[in-house]
Amino acid sequence: MAYNGTWKIDRNENYEKFMEVMGVNVMKRKLGAHDNLKITIQQDGNKFTIKESSNFRTIDIEFTLGVNFEYSLADGTELTGSWNMEGNKLVGTFTRKDNGKALTAYREVIGDELVQTYRYEGVEAKRVFKRD
């Protein structure tokens, strides 16, 4: 499973703008851009266990492909949705509970990097991780 392992944030692309469009205040955007995020992924068939550890919080997330679950972003935004596998790419389709707007997330391993792409209200951002 290509996703298995621990991944540490290396760089962001357009992430502050994405957080702004998401409604994250300026102070949290500045902190969020330097959160030192580390993600540990364990895949067992269609089931994923993910540990997200940053300067702000550590959480464990479990989900099964195609099954809706609830998730809170680091800023407190609550989402509901699911992850699915499309080829070698994880595609997450989520709906914000506060305003009903869609957030799409993608995770894919490209070379030795895990690339997370987010799309919300026409803005796209990427967070690129290296194996730890």
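Every residue gets a number counted from 1 within its own chain, in the order that chain's sequence is written. Predicted model: local features are reported for residues with pLDDT of at least 70 only, side-chain atom pairs are reported and counted for 80 or more only, and whole-chain, interface and lining totals are derived from all residues. The side-chain quantities take in all heavy atoms of the structure and omit both hydrogens and water.

Participant: Now, about the pairing of strand β9 (residues 113-120): what can you tell me, with residues and values included?
Facilitator: Walk down a regular strand and you will see the side chains alternate between the two sheet faces. Remark: exposure states derive from per-residue accessible area (1.4 Å probe, protein chains only) relative to the maximum for the residue type, with buried under 20%, exposed over 50%, and partly exposed in between. Counting from the N terminus, the helices are the DSSP runs of H or I reaching at least four residues and the strands are the DSSP runs of E reaching at least two. Counted residue by residue, β9 has 7 buried out of 8 residues, so it is predominantly covered. For two strands to be treated as a pair, DSSP must find at least two bridges joining them. In this structure, strand β8 (residues 102-110) lies alongside β9, joined through 8 bridges in antiparallel fashion. By the bridge assignment for β9, Leu-103 is matched with Tyr-120. A loop of 2 residues connects β8 with β9, the two strands running antiparallel in sequence, and Gly-111 in this loop sits at a positive phi of about 65°. Hairpin geometry of β9 and strand β10 (residues 123-131) is characterised by an intervening segment of 2 residues between the two adjacent antiparallel strands and by a positive phi of about 50° at Glu-121.

Participant: If you had to explain helix α1 (residues 15-22) to someone new, which residues and values would you point to?
Facilitator: The periodicity of an α-helix, 3.6 residues per turn, causes residues three or four positions apart to be oriented the same way. Within α1, the full set of buried residues consists of Tyr-15, Phe-18, Met-19 and Met-22. The buried residues of α1 occupy an angular sector of 95° when projected down its axis, which confines them to one face. Contacts: residue pairs with any heavy atoms within 4.5 Å of one another. Turning to α1, the residues buried within the fold contact β1 (5-13), α2 (26-32), β7 (89-96), β8, β9 and β10. At the C-terminal side of α1, Gly-23 shows a positive phi close to 95°. What the arc covers is the set of directions going from the helix axis to the C-beta atoms.

Participant: Could you give me a rundown of the nonpolar core, with the residues and numbers involved?
Facilitator: One finds Phe-18, Ile-41, Phe-63, Phe-69, Trp-83, Leu-103 and Phe-129 to be the most contacted residues of the largest nonpolar core, which totals 31 residues. Looking at this core element by element, the count peaks at 4 residues for α1. The residues touching Phe-129, leaving out its near neighbours within four places in the chain, are Trp-7, Lys-8, Ile-9, Asp-10, Leu-37, Ile-39, Asp-112, Glu-113, Leu-114 and Gln-116. Only buried residues count toward a nonpolar core. Its members are Ala, Val, Leu, Ile, Met, Phe, Trp, Tyr and Cys residues joined through side-chain atoms within 4.5 Å.

Participant: Hey, could you go over the sheet that holds strand β2 (residues 38-44) for me, with residue numbers and the actual values?
Facilitator: Strand order across the open sheet formed by 10 strands is β4-β3-β2-β1-β10-β9-β8-β7-β6-β5, with antiparallel pairing between neighbours. Sheet topology places β4 (58-64) and β5 (69-72) at the edges, where each strand pairs with a single neighbour. Neighbour to neighbour, the strand axes of the sheet diverge by 30° on average, direction disregarded. As judged from the 7 bridges shared by β2 and strand β3 (residues 47-53), these two strands associate in the antiparallel manner. Counted as the bridge partner of Gln-42 is Thr-49 from β3. Structural elements are reduced to axes, namely lines fitted to C-alpha atoms, with helices fitted over the stretch in contact, and the angle between N-to-C directions of any two is expressed from 0 to 180 degrees.

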